[in-house]
Every structure is written in structure tokens, then in C-alpha cells.
Amino acid sequence: MALLNILQYPDERLHTIAQSVTEFDDHIKTLVRDMAETMYEARGIGLAATQVNVHQRIVVMDLSEERNQLQVFINPVITFKEGDVTYEEGCLSVPGIYETVHRAERIHVQALNEHGEPFELDADGLLAICIQHELDHLAGKVFVEYLSPLKQNRIKTKLKKRIRENP
Ligand code: GNR
Ligand code: NI
């Protein structure tokens, strides 16, 4: 097991577009385990491979109170969206910043598990929000990009200052 380094916005590597996973070997299983360990240690509800500088379509999530219901999404695709919700989102790559974002309220997702087996699910509530947030990471998008350019610049300045003072 290993903890992975989480890239911090505005690191340009967060804008890399992830590639589909084609081989379900031990390397993927180790990566999924390390991503889960990193997410739990950071107290996040989700983590996309992009955030640990691995540009493959892999997401781990756990929305349970007891932190014992890991969900793994490989090559996830949202095939249906409806409705509109707003939620105050945060991100492990944008620490300490919480801003309201609009998302679809209900989605349908197709993905593979860590064994390469397909599954589908309907999601709403925080699960739907989190899946959309993670799929954005795989497409190179960070939630702050939904905010006004003014807010984005303020967040960039604040985080760059923090990184400078706290290397
Ligand atoms: O831990 C996280 N919390 C969260 C809260 C509201 C909306 C989305 C999220 S995902 C985030 C973890 C993370 O950065 N995943 O990419
Ligand atoms: Ni995030």
C-alpha cells in the first residue's frame, strides 16, 4: 500500500485528459488500492486518477459514514442526465475552497469494476454530484472552472501564495 501525492490546483497536469483502461492486471489493482488509501487518508469522498497524476479513466469513491463502502469506476460514462441541482463543492486538489456548482440532479452511469466487469447505476443526490465532479477530473476539468473568471483568479492567487509559503 502506498499514499499518492495529490496535485494541487492550479497545477496544469490537472488539465490532462485521461485515457481508457484496456488491461485489468495487477498494476490496475494496486493503483485502485493506493488511490483508495489516499482518498481515505485525505478524508475525501472521491478521488480521480488525474488528481494523483495518473492519466487513466479510474475513479474511487466512498460516500458511506463508516468509510467502508468503496466504489470503483473504470472507464465511466454518463449516458443520461436530467434536472438541475446546486451544491457547495470542495476538492482535494483545491483545499479549503468551497463554492456552489450546478450539476444534473439525476444521472445514469456505465462503468467497469476493478475486475473489468461492466455495471450500470442510476444516481441522484450527493452520489450523482460526486460522479460528475470525478468525471470532470478525468476530462481535465476542475470545479473552479465553473466559477466566474474573477473568482477563478482569486482562488489561483490564494492557492499559489499558500504553496509559496508552504512548499
Ligand atoms: O471530498 C470531496 N468532497 C466533495 C464535496 C462536494 C462535491 C464534490 C466533492 S468530491 C471531493 C473529493 C475530490 O476532490 N474528488 O475529486
Ligand atoms: Ni476533486
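Everything numeric here is computed off the predicted structure, so don't read it as measured data.

Colleague: Just checking my understanding: could you explain the site of ligand 1 for this structure?
Modeller: By nearness alone, every residue bordering ligand 1 is listed as Gly44, Ile45, Gly46, Gln51, Tyr87, Glu89, Gly90, Cys91, Leu92, His133, Glu134 and His137. Leu92 is positioned such that a nitrogen or oxygen atom in its backbone is 2.8 Å from an oxygen atom of ligand 1. Contact distances for ligand 1 include 3.2 Å between an oxygen atom and a side-chain N or O atom of His133. Protein burial of ligand 1: of its 380 Å² of free accessible surface, 91% is covered by the chains.

Colleague: Could you clarify how one ought to interpret the side chain of Asp136 in this entry?
Modeller: Take Asp136: it is sitting in helix α2 (residues 125-138). What makes Asp136 buried here is its relative accessible area of 14%. Contacts of Asp136, omitting those with residues within four sequence positions, involve Arg103, Lys141 and Tyr146.

Colleague: Please explain the layout of surface pockets as it appears in this structure.
Modeller: Sizing a probe to match a water molecule and rolling it over the atoms shows the empty space that remains. In this structure, the largest pocket encloses a volume near 440 Å³. In terms of lining residues, the largest pocket is bounded by 22 residues, among which Ile45, Glu89, Gly90, Cys91 and Tyr98 are the most central. Of the residues assigned to the lining of the largest pocket, the class counts are 11 nonpolar, 7 polar and 4 charged. The volume enclosed by the second largest pocket comes to roughly 150 Å³. Around the second largest pocket, the lining residues are Arg57, Ile78, Lys81, His102, Arg103, Ala104, Gln132, Leu135, Asp136, Ala139 and Tyr146. Contributing elements (two or more residues each) for the lining of the second largest pocket: β3 (71-82), β5 (99-103) and α2. Class assignment of the residues belonging to the lining of the second largest pocket gives a composition of 5 nonpolar, 2 polar and 4 charged.

Rules of the game
Residues numbered from 1 in each chain as written. Chains lettered and ligands numbered in written order. Predicted model: local features only at pLDDT ≥ 70, side-chain atom pairs only at ≥ 80, totals over all residues. Heavy atoms only, no water. Near = heavy atom within 4 Å. Polar contact = N/O pair within 3.5 Å; in protein donor to acceptor, adjacent residues only side chain to side chain. Areas by Shrake-Rupley, 256 points an atom, 1.4 Å probe, with all protein chains shown as cover. Helix = DSSP H or I, 4+ residues; strand = E, 2+ residues; numbered from the N terminus. Buried < 20%, exposed > 50% of the residue type's maximum accessible area, 1.4 Å probe, protein only. Contact = heavy atoms within 4.5 Å. 1 Å grid on protein atoms, 1.4 Å probe; cavity = no way out; pocket = protein on both sides within 12 Å on 5 of 7 lines; lining within 4 Å. Points joined across faces, edges and corners; volume = space filled by probe spheres on them. Nonpolar A, V, L, I, M, F, W, Y, C, P; charged D, E, K, R; others polar.

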